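# Summary of structural features
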Amino acid sequence: ERQIDRNETHVLSPCDGKVVVIKEVFEKEYFKDQRIQVSIFMSPLNVHQNRAPLGGEISYLKHFKGAFYPAFVEKSSELNERCSVVFKDKNGTEVLARQIAGTVARRICTYKVPGDKIAQGDEYGFIRFGSRVDLFLPLSAKVTVKLDEKPIGGQTIIATL
């Protein structure tokens, strides 16, 4: 259990781990536009719960079968087994969180379905062992973490909206 300080202007970390990517990318699965990608690698020693970065509603969820490259390498984002979940807040802002299985992680669990309501910081799933979560944020978001920083799921502010 964790104390969650909910704030609709914050995007909270979806997991414990280490920030390995911060960059602008073209997100081609759901948004089909430019986004800020923030990727967090979870080592086998991290807590592997995944928490809602925003409160609101699940507007999209899709699971993809795939390979099991090490989760810290960039190609894992598109080639590995993964599950994309989009969180939509009451203002219509959407953030995509992509759960990515790694070399050892062979199981992604997601407890929600489209239409479900969720509070910011609540658990929505987990990934077994070493894995990664990619966040895709609006370009207007102000990222507040740095590379190699170690965020805490449901507590560290990744960006402000």
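Our structure's up above, just so we're on the same page.
One structure accompanies this document, and this report is about it.

Right, let's talk about the packing of aromatic side chains for a bit. Throughout the structure, instances matching the rule amount to 4 aromatic pairs. Here the aromatic rings of Tyr 30 and Tyr 60 are separated by 4.8 Å at their centres, their planes lie at 40°, and the arrangement is tilted. Of this pair, Tyr 30 sits in the loop between β2 (18-27) and β3 (33-42) while Tyr 60 sits in strand β5 (residues 56-64); the two residues are 30 residues apart in sequence, bridging distant segments of the chain. With a relative accessible area of 18%, Tyr 60 lands in the buried category. Ring geometry for Phe 87 versus Tyr 124: centroids 5.0 Å apart, planes at 70°, classification edge-to-face. On the criterion of sequence distance, the pair formed by Phe 87 in strand β6 (residues 82-88) and Tyr 124 in strand β10 (residues 123-127) is long-range, its members being 37 residues apart. Look at Phe 87 and you get buried, because its relative accessible area is 1%.

Next up on the list: the sheet that holds strand β9 (residues 117-118). Strand order in this open sheet of 7 strands is β2-β3-β11-β7-β6-β5-β9, and the pairing throughout is antiparallel. Because the sheet does not close on itself, it has two edges, and the strands there are β2 and β9. Taken together, the 7 bridges between β6 and strand β7 (residues 94-101) define a ladder with antiparallel strand orientation. Bridge pairing links Arg 82 to Ile 100 in β7.

Turning our attention to the nonpolar core. The biggest cluster of nonpolar side chains holds 27 residues, and the ones touching the most others in it are Val 11, Val 38, Phe 87, Leu 135, Leu 137 and Ile 158. With 4 residues, β3 is the largest single contributor of residues to this core. Leu 135 has contacts with Val 11, Pro 14, Ile 36, Gln 37, Val 38, Pro 53, Val 95, Leu 96, Ala 97 and Ile 158, leaving out every residue within four places of it along the chain. Counting residues in each nonpolar core, the second largest holds 7 residues, with Val 25, Phe 31, Tyr 60 and Phe 136 among its members.

With respect to the helices and strands, Asp 89 occurs in the loop between β6 and β7. Lacking a salt bridge, the buried Asp 89 has Lys 88 as its closest oppositely charged neighbour, with an N-O distance of 8.2 Å. If we skip the residues at most four places from it in the chain, Asp 89 touches Glu 8, Leu 54, Gly 55, Gly 56 and Leu 161.

A few words on the pattern of salt bridges. For the structure shown, the criterion picks out 10 salt bridges. Between Glu 29 and Arg 98 there is a salt bridge whose closest N-O contact spans 2.9 Å. Of this pair, Glu 29 sits in the loop between β2 and β3 while Arg 98 sits in strand β7, placing them 69 residues apart in sequence. Accessibility assignment for this pair places Glu 29 and Arg 98 in one class, buried. Note that Glu 57 is salt-bridged to Lys 117, the shortest N-O span being 2.9 Å.

For the rest of this paragraph, the subject is the sheet that holds β10. Here 3 strands make up an open sheet; going across it, the order is β4-β10-β8 and the pairing antiparallel. Every other strand in the sheet has two partners, leaving β4 (49-51) and β8 (108-110) as the edge strands with one partner each. The mean angle between the axes of side-by-side strands here comes to 25°, regardless of whether they run parallel or antiparallel. As judged from the 3 bridges shared by β8 and β10, these two strands associate in the antiparallel manner. What sits directly across from Ile 108, in β10, is Ile 127.

Right, let's talk about the side chain of Thr 156 for a bit. In this structure, Thr 156 sits in the loop between β12 (142-143) and β13 (157-160). Among the polar contacts made by the side chain of Thr 156, one reaches the main-chain amide nitrogen of Ile 152 at a distance of 2.7 Å.

Analysis parameters
- Residues numbered from 1 in each chain as written.
- Predicted model: local features only at pLDDT ≥ 70, side-chain atom pairs only at ≥ 80, totals over all residues.
- Heavy atoms only, no water.
- Phe/Tyr/Trp six-rings, centres within 6.5 Å; stacked < 30°, edge-to-face > 60°.
- Helix = DSSP H or I, 4+ residues; strand = E, 2+ residues; numbered from the N terminus.
- Buried < 20%, exposed > 50% of the residue type's maximum accessible area, 1.4 Å probe, protein only.
- Pairing = 2+ DSSP bridges.
- Core = buried A, V, L, I, M, F, W, Y, C linked by side-chain atoms within 4.5 Å.
- Contact = heavy atoms within 4.5 Å.
- Lys, Arg positive; Asp, Glu negative; His and termini not counted.
- Salt bridge = Lys/Arg side-chain N within 4 Å of Asp/Glu carboxyl O.
- Axes fitted to C-alpha atoms, helices over the stretch in contact; angles between N-to-C directions.
- Polar contact = N/O pair within 3.5 Å; in protein donor to acceptor, adjacent residues only side chain to side chain.

Geometry only, nothing functional implied.
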